[in-house]
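Given next are the chains, with one letter for each unit.
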Amino acid sequence: MERTRFQSFALYAVLAVVCGILLFPIYWLFVTALSTLAEIRQLPPSFWPAEPQWSTFTKVAFERPILLWLWNSSLAAIGSVGLSMIVSVFAGYSLSRFSLRGGRSLGLFILTAKMLPATLLVIPLFGIFRSIGLIGSLWSLVLAHATLIIPFTTWMLKGYFDTIPRELEQAAMVDGCSPLGAMFRVVLPVATPGLAATALYAFVLSWADYAYARTFLTNAQGSWTANLGITTMKGEYVTDWNEISAAAVFIALPILLIYLFLERYLVGGLTAGAEK
Amino acid sequence: MSLRFLDLARPSRQHWLGYLLLLPAVALVALIIVYPLFVSLDLSFQKIGMATLNAPRKPFTLDNYHKLFTSPDFWNACWVTIKLVVVVSAACFVVGLGTALLVNNRFKGRTLARLFVALPWAVPEVIAVVIFAWIFDSSFGLMNWLFIKLGVTSQMINWFSEPTAAFWVVAITMIWKGYPFVSIMTLAGLQSIPEDFYNAAKVDGASALQRFRYITIPVLMPVLGVTLVLVILWVFRDFSIIKVLTDGGPLKATQTLSIMTYDQAFGFFNMGYASAIGIVTLILCVVASLLMLGRKSQAMY
């Protein structure tokens, strides 16, 4: 379909305006982080800092516990992603390869977890974790985030395994591989990109959590995650928006970068998980 | 017992392996999702302040539910939730569909444009709150400056102490965070439409509008149905954005069922009562999604 020059121009103009409005909040976050306090408190606001204050980042990193919080977020994410990936690789493989009686129901049973309000689930989990002494420990998040992650990863991986031909492991089994051996030595290596994409998606889910961290970790400052920590900055240093923004950049940046470089895979996962 | 029993390679035993592989996930889901769900249900029928597992069970009572349905706070929360669901889902759909159709055109830099329109998806909810809390800041926020500049208002609006204003701040933050999902899903749907459909329609003399009406919309319908359900469920259950942005205030103007559940459980330590609110929320979620999925499957045939 050929467009006239005017139509092309109009398309780009609309696109620029739309992207400009929609992405402005992200731009504003970076600008605020780079502005001086004086620039933040002036009207009309300055849309580009006269001298970008990169030192705000180092200041926030070293004078606030932001690095510790990021470390805690990473630990919780690694733990919950690890746990979820192990169980959902097996489950996804099983759902993809075996037509089990009741298998589909069991798969849907795993999926139903997506429907539950976190604010409902958090009450009994709090009671359970309190009874077994996990409150204040990152282990509580590893388990709680698994509730968020497993329904997604199981179905994402099932979809991914479905795209790998069965002949692959059948050939391996003819050559004397056991079924599990065929899965580990033949299917999983082939599925590496899918596994990586799923793990990244799981990481995003864990990284973004606030509800569970707020409930299970509030009493133990040393174990706060980044999302929990930054909300306390908002209350405490209400006027220092440049510092809060710099901290927010630290928290948002890993996910933004993952998204920019791996958008195709993440989007694939998002749409695959939702089709079910 | 001979070891042959464990030889899962034998065709007659293969399904055993299938169940075995499924077992850890099912067990984990049962343990950390389904069992807690039943604990909640049980708690909702007890007058209980603090949930512990080892305490003796309190007597069965319907008090929590009775208190709930006679509480004006509960009906207010229902109303706020419904308003938010309608406003946010509708706007997410308009923006999401619009951006998807826009970047589905063929032009140079399309890949980059696709990357950009869905970028807010990658911003964690709490960070989105930080950004919008600053934009709507009552002293130096950009929005106040813009409103005065445009002549909408002559004085600074205190966005977070004015009920209607606070509701809109919450809604705008949620729309910004939620529309990329619609955009991504719609785009995936659009790309599954074969080019041939459009070419054939053009040969038959269908106008652009007709092609949109008779090809694009019907093919997208199932995707849009599922997406709508997921967006509605998300707004229904969301906690982080409202909790951090307004904490349900001012004057409960942004107190949804989720926020009310949480505050009753961890603000006032009425975990039995909170569980009852949570159970009602869950039932509403299930009913809403069944109704809509039902409609969708009807539309498909």
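Residues numbered from 1 in each chain as written. Chains lettered and ligands numbered in written order. Predicted model: local features only at pLDDT ≥ 70, side-chain atom pairs only at ≥ 80, totals over all residues. Heavy atoms only, no water.

Looking at an unreviewed UniProt entry, one finds chain B named Sugar ABC transporter permease and attributed to Sinorhizobium garamanticum. Comment text from UniProt for chain B, heading Subcellular location (unreviewed entry), reads "Cell membrane". Within the UniProt record for chain B, the comment given under Sequence similarities (unreviewed entry) is "Belongs to the binding-protein-dependent transport system permease family." (UniProt positions renumbered as here; feature names shortened; annotations may be inferred.)

Chain A is annotated in an unreviewed UniProt entry as Carbohydrate ABC transporter permease of Sinorhizobium garamanticum. Listed in UniProt under the heading Subcellular location (unreviewed entry), the comment for chain A reads: "Cell membrane". Recorded under Sequence similarities (unreviewed entry), the UniProt text for chain A is reproduced unchanged: "Belongs to the binding-protein-dependent transport system permease family."

Here we come to the overall build of chain A. Secondary structure assignment for chain A yields 13 helices and zero strands. The principal-axis extent of the C-alpha atoms belonging to chain A is close to 75 × 70 × 30 Å. Across chain A, contacts joining residues at least 24 apart in sequence account for 73% of those joining residues at least 6 apart. Working note: accessible area of chain A is about 12000 Å², and carbon and sulfur atoms make up 67% of it. (Helix = DSSP H or I, 4+ residues; strand = E, 2+ residues; numbered from the N terminus. Contact = heavy atoms within 4.5 Å. Areas by Shrake-Rupley, 256 points an atom, 1.4 Å probe, with all protein chains shown as cover.)

We now examine the environment of Ser89 of chain B. Structurally, Ser89 of chain B is set in helix α3 (residues 72–103). Excluding anything up to four places from it in sequence, Ser89 of chain B contacts Leu84, Leu228, Val231, Ile232 and Val235 of chain B.

Take the interface of chain B and chain A next. It is common to give the size of an interface as the accessible area that goes away when the parts come together. Taken together, the contacts link 93 residues of chain B with 89 residues of chain A. On the chain B side of the interface with chain A, the three residues burying the most area are Leu21, Trp121 and Trp134 of chain B, jointly 9% of the side's total. The interface formed by chain B and chain A holds zero salt bridges in total. For the pair chain B and chain A, the number of links is eight residue pairs in polar contact (both at pLDDT 80 or more). For the side of chain B that touches chain A, the leading source of residues is helix α1 (residues 14–44) of chain B, giving 22 residues. When its residues are assigned to classes, the side of chain B that touches chain A shows 70 nonpolar, 15 polar and eight charged. (Buried area = accessible area lost by both parts, 1.4 Å probe. Salt bridge = Lys/Arg side-chain N within 4 Å of Asp/Glu carboxyl O. Polar contact = N/O pair within 3.5 Å; in protein donor to acceptor, adjacent residues only side chain to side chain. Nonpolar A, V, L, I, M, F, W, Y, C, P; charged D, E, K, R; others polar.)

The next point concerns the UniProt feature "transmembrane region" (unreviewed entry) in chain A. All names here are of chain A. As recorded in UniProt, the sites labelled "transmembrane region" (unreviewed entry) are residues 9–30, 69–93, 105–126, 138–161, 182–204 and 244–262. Here residues 9–30 runs as 100% helix and 0% strand, with 29 Å between its end C-alpha atoms. Regarding residues 105–126, the helix share stands at 77% and the strand share at 0%, and the terminal C-alpha atoms are separated by 29 Å.

The next thing to look at is the UniProt feature "transmembrane region" (unreviewed entry) in chain B. Residues and elements named next belong to chain B. The sites that carry the UniProt feature "transmembrane region" (unreviewed entry) are, in the present numbering, residues 16–38, 74–103, 115–136, 214–236 and 271–293. The distance separating the terminal C-alpha atoms of residues 16–38 is 29 Å; by composition the span is 100% helix and 0% strand. Taken end to end, residues 115–136 comprises 64% helix and 0% strand; its first and last C-alpha atoms sit 27 Å apart.

Residue and element names in this part refer to chain A. Orientation of helix α8 (residues 167–174) relative to helix α9 (residues 179–190), taken along the N-to-C sense of each, is 135 degrees, at an axis distance of 9 Å. Compared by their axis directions, α8 and α9 come out oblique. Seen from above, α8 lies across α9 with right-handed handedness. Side by side, α8 and α9 meet where Leu168, Glu169, Ala172 and Met173 of the first sit next to Pro179, Ala182, Val186, Val187 and Val190 of the second. The residue makeup of the contact of α8 with α9, split by class, is eight nonpolar, no polar and one charged. (Axes fitted to C-alpha atoms, helices over the stretch in contact; angles between N-to-C directions. Parallel < 35°, antiparallel > 145°, perpendicular 65-115°, else oblique. Left-handed = near helix turned anticlockwise from the far one by under 90°.)

Per the counting criterion, the structure on display carries ten salt bridges over all chains. Residue Asp63 of chain B pairs with Lys47 of chain B through a salt bridge whose shortest N-O separation is 3.5 Å. With Asp63 of chain B in helix α2 (residues 63–69) and Lys47 of chain B in the loop between α1 and α2, the pair connects residues that are 16 residues apart, well separated along the chain. Taken together, the shared-partner salt bridges in this structure form one network comprising Lys59, Arg64 and Glu243 of chain A.

In the UniProt entry, the feature "domain: ABC transmembrane type-1" (unreviewed entry) is given for residues 78–292 of chain B. Taken end to end, residues 78–292 of chain B is 74% helix and 0% strand, and its first and last C-alpha atoms sit 19 Å apart.

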